[in-house]
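Structural overview for review
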Amino acid sequence: MTRPPRILLAGGGTGGHVYPAIAIAQAIRSLVPESVIAFAGTRDHLEWTAVPAAGFAIHPITISGFHRKQLFRNVRFPFKLATGLWQSWSLVRDFDADVAVGTGGYVSGPVLWAANMHGRPTVAQEQNAYAGVTNRLVARRSAQVHIAFREARKWFPEGKCRLSGNPVRPELRTVSRQQARSALNLPPDARVLFVFGGSLGSRAINEAMRCAAHKVLEDERVHIIWQTGRLYYERMRAKQHERLQILKYVDRMDLAYTASDVVLARAGAITCSELLFMAKPAILVPSPNVAEDHQTKNAESMTRLGAAMHVPEEDLLHALSTLAPDLLRDAECQKAMSAAARQAARPNAARDIARDILDLVGYEVTVS
């Protein structure tokens, strides 16, 4: 190419769509510093603040999802869709994108459609084992489809899929175990359980922890890091114990992951990829309240890899009172799960996806 590559990314609604897009953009910029990168997103979702905070421009697209259960809420959907398609068409034309990259969420659909209509190549990135509706639609005309779980391959046209993994935060592996435990005031020989239900917290996990924490702490070597989320912190923090750290939010996930021996968490795509990256044995409790039950598919995939145990939400108390203590005591099982996670991890996902995108538009990048 005679000009710097111009790359348009679209992904929004949740962190699971937004942060992989940002990681890919950062990797592109590290490989080709002169590249011109822009995002498309919606004003009322996470991307509108997260993307500028990462140093990238973002352009508004008006779009929303189709409500399958409350049909009356779809009255304005056709008008939003038409507006979003026109905005996407204009953005691809005015930005003069060489390629459009979609990481899922409603906004990816119209932007990648517009790029196709302008004759520009498109790339889809799917974070989950069960592919989202938007990605399934846009993948039909995409030049590349990057997936994080082998199971997602069946949802996409044969020959387009590349098992690249999910981009994760590189700062996760910046401290040693000793440094992490020192920072969190944990003994070097402690058996540490890290429990969290996402940034907002999980009611089910928190209620189960409130009932079962004393059982886990019967072993005097066990310490627990429990992130409740802001909605539940005030109620849960009354459950005090000298070996229990109750936190509203974990600012340094690198410390919590590195210091822990076992993690109990939801099975969001990015959480699963971070657990593989950090090689942490995990007990995964999928949320039953997500679209198409994709967290269950993620947890099942992680279990097949040998890197996690999958526990339905209705068995949470058993997981905390029995499975977690047993796993904390079983060093050999932990070692085997860590090895399986390490083997399945793809720590260079962002760089590999970025390199393939650049190659698609004529920039061959040699990466050592």
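Details of the structure are given in the entry above.
Residues numbered from 1 in each chain as written. Predicted model: local features only at pLDDT ≥ 70, side-chain atom pairs only at ≥ 80, totals over all residues. Heavy atoms only, no water.

Thoughts on the side chain of Glu274
In this fold, Glu274 is placed in helix 10 (residues 269-278). With relative accessibility at 4%, the residue Glu274 sits in the buried group. Not counting residues up to four positions away in its chain, the partners in contact with Glu274 are Val168, Arg169, Leu172 and Tyr257. (Helix = DSSP H or I, 4+ residues; strand = E, 2+ residues; numbered from the N terminus. Buried < 20%, exposed > 50% of the residue type's maximum accessible area, 1.4 Å probe, protein only. Contact = heavy atoms within 4.5 Å.)

A short note on the state of the cysteines
Throughout this description, disulfide means a covalent bond between two cysteine sulfur atoms. On inspection of all chains with the given rule, the structure shows zero disulfides. Of all cysteine sulfurs, the one in Cys333 lies closest to Cys272, which takes part in no disulfide; the gap is 17 Å. (Disulfide = S-S within 2.5 Å.)

Some remarks on helix 10
Burial analysis of helix 10 places ten of its ten residues in the buried class, which makes it a mostly covered element. Where helix 10 is concerned, the buried positions are Ala269, Ile270, Thr271, Cys272, Ser273, Glu274, Leu275, Leu276, Phe277 and Met278. Positioned one or two residues after helix 10, Ala279 has a phi angle of 55°, which is positive.

Some details on the pairing of strand 4 (residues 99-102)
On strand 4, burial covers both faces: Val99 and Val101 on one face and Ala100 and Gly102 on the other are all buried. Bridging between strand 1 (residues 6-10) and strand 4 involves four bridges; their strand directions are parallel. Within strand 4, the residue paired with Ile7 across the bridge is Val99. (Pairing = 2+ DSSP bridges.)

Considering the packing of helix 7 (residues 203-216) against helix 12 (residues 316-329)
Helix 12 packs onto helix 7 with a crossing angle of 50° between their chain directions and a minimal axis gap of 8 Å. Here helix 7 is positioned oblique relative to helix 12, judged by the angle of their axes. The way helix 7 lies across helix 12 gives a crossing that is right-handed. Counting all contacts with helix 7, which are made through Ala204, Ile205, Ala208, Met209, Cys211, Ala212, Lys215 and Val216, the residues of helix 12 involved are Leu316, Leu317, Leu320, Ser321, Pro325 and Leu328. Residue composition of the contact of helix 7 with helix 12, by class: twelve nonpolar, one polar and one charged. (Axes fitted to C-alpha atoms, helices over the stretch in contact; angles between N-to-C directions. Parallel < 35°, antiparallel > 145°, perpendicular 65-115°, else oblique. Left-handed = near helix turned anticlockwise from the far one by under 90°. Nonpolar A, V, L, I, M, F, W, Y, C, P; charged D, E, K, R; others polar.)

What about the packing of aromatic side chains?
In the structure shown here, the tally under the stated rule is six aromatic pairs. Here Phe194 and Tyr257 contribute two aromatic rings whose centre-to-centre distance is 6.0 Å and whose plane-to-plane angle is 80°, an arrangement assigned as edge-to-face. Of this pair, Phe194 sits in strand 8 (residues 191-196) while Tyr257 sits in helix 9 (residues 253-259); the two residues are 63 residues apart in sequence, bridging distant segments of the chain. With relative accessibility at 0%, the residue Tyr257 sits in the buried group. Ring geometry for Phe196 against Tyr257: centres 6.2 Å apart, planes inclined by 80°, an arrangement best described as edge-to-face. Here Tyr257 lies in helix 9 and Phe196 lies in strand 8, a separation of 61 residues in the sequence. Judged by relative accessible area, which is 6%, Phe196 ranks as buried. By way of ring pairs, the aromatic residues Phe194, Phe196 and Tyr257 are connected into one cluster. (Phe/Tyr/Trp six-rings, centres within 6.5 Å; stacked < 30°, edge-to-face > 60°.)

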